Amino acid sequence: MKSSTLRAWSWVHKWSSLVSTLFLLMLCVTGLPLVFTHEIEEVAMHQAWTPAHPDGPRLSLDQVLETALARKPGEVAAFMSFDVERPVVNVTTVQPGKSGYSFQPIDQTSGDPAPSVAGHPVMEFLLQLHTDMFLGLAGMLFLGAMGLLLVAALVSGVVLYAPFMRKLPFGAVRARKAARTRWLDYHNLLGAVTLAWVLVVGVTGVVNTLATPIIAYWKDTALKELTQAYDKPAPSNERSSLAAAVERAKLALPGKQLQFVAFPGSSYSTDHHYAVFFHGDTPLTAHLTTPALIDARTGQLSAVAPTPWYVKTLSLSQPLHFGDYGGLPLKILWALLDLATIVILGSGVYLWLVKRGSVQ
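Residues numbered from 1 in each chain as written. Predicted model: local features only at pLDDT ≥ 70, side-chain atom pairs only at ≥ 80, totals over all residues. Heavy atoms only, no water.

## Focus: the nonpolar core
Counting residues in hydrophobic clusters, the biggest one holds 23 residues, and the most contacted among them are M80, V91, L242, F263, Y274 and V276. Secondary-structure elements contributing two or more residues to this core are α3 (61-71), β1 (76-82), β2 (88-94), α8 (242-252), β5 (273-279) and β6 (289-295). The next biggest cluster of nonpolar side chains, apart from the first, holds 21 residues, and it includes M140, W218, F277 and V311. (Core = buried A, V, L, I, M, F, W, Y, C linked by side-chain atoms within 4.5 Å. Buried < 20%, exposed > 50% of the residue type's maximum accessible area, 1.4 Å probe, protein only. Helix = DSSP H or I, 4+ residues; strand = E, 2+ residues; numbered from the N terminus.)

## Details of the confidence of the model for the protein chain
When the pLDDT values of the protein chain are averaged, the result is 86; 92% of them are 70 or greater. Per-residue pLDDT, averaged within each element of the protein chain, yields its smallest value for helix α2 (residues 37-45) (81) and its largest for α3 (96). (pLDDT = per-residue confidence, 0-100.)

## Concerning the pattern of salt bridges
On inspection of all chains with the given rule, the structure shows 3 salt bridges. Residues R86 and D83 are paired through a salt bridge, measuring 2.7 Å at the closest nitrogen-oxygen approach. For the pair R86 and D83, a shared accessibility class is recorded, and that class is buried. Linking E247 and K250 is a salt bridge whose minimum nitrogen-to-oxygen distance equals 3.6 Å. With a gap of 3 residues between them, E247 and K250 both fall in helix α8, about one helical turn apart. Exposure remark for E247: the relative accessible area of 45% places this residue in the partly exposed category. Judged by relative accessible area, which is 35%, K250 ranks as partly exposed. (Salt bridge = Lys/Arg side-chain N within 4 Å of Asp/Glu carboxyl O.)

## Some thoughts on helix α4 (residues 121-132)
Taking 1.5 Å per residue as the helical rise, α4 with its 12 residues ought to reach 16 Å, and the 16 Å between its terminal C-alpha atoms agrees with that figure. Among the residues of α4, M123, L126, H130 and D132 are the ones counted as buried. Immediately downstream of α4, the backbone of M133 shows phi near 55°, a positive value. (Expected span 1.5 Å × (residues − 1).)

Now the structure itself:
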């Protein structure tokens, strides 16, 4: 490799690493407990609970919705999701024109409030910091740019490390050399070992930061033709039965598992449809959703809208990013690789400071 080419790759590696390191360290540190979100919240927030009438009839979804809206006057329904292990329906409502959501778990056997399974406040704080640094879409896109710099640092690091592999056995650590040399060898070794994982986590992280524009593009393109026949949104007092809409959607997608309902006007639907989302029952298909769009006025099926490839990519990248598809052993592996990445980032800063003479 020519010396000029080597210098160019070295410049890319140095500055892509330095610019992004602080934020990547934040993402690694916050991501470590987030890998174990389910386990931590199970210990910290578990509440023994029994439904009011375990063997009794269940309220219809329309009755559950009516109960939820009665408890939040002036708010409108945005989403409805369903507990897997409890007869509980979770209704999310929002005040029109405002951004804050209200979350209501409702016992479907009685209409009484049920214990919330919402996240622990500390975990919610870490997730928000990890996702957008409390800056909304701007924060998400900024962290996405940091993810791209990470990819550049990885690629340039491989290019720079390749020539040295011809001089030293792979993974060699020159333990008797100066501290800077030892840390350089550790840095290169850990970088080589974790390369594939960091690339996967980095790329999926970038995809996750694009969630808002991806969903907006999906609505504006794939779903746009379904809204052309309407001149105004479907008001709540003119909507057909929610329960009937869900049953109609089940007939359209037999064999699928009901996941959640997005109400007209919400981010995952149009202004005119109930979007009833289903998923598969395998570790992979559990993260791939398909919505059936039900006309909110008539209750008739408008379309089964298989999500395009870019939405599927988003759906798969979210669990892959946190190792949330292979049980606890995979999460432990994710955590160990995360710790190794923290060492790589820290050693990279140390090597830069030593080269500048800032530390000995």
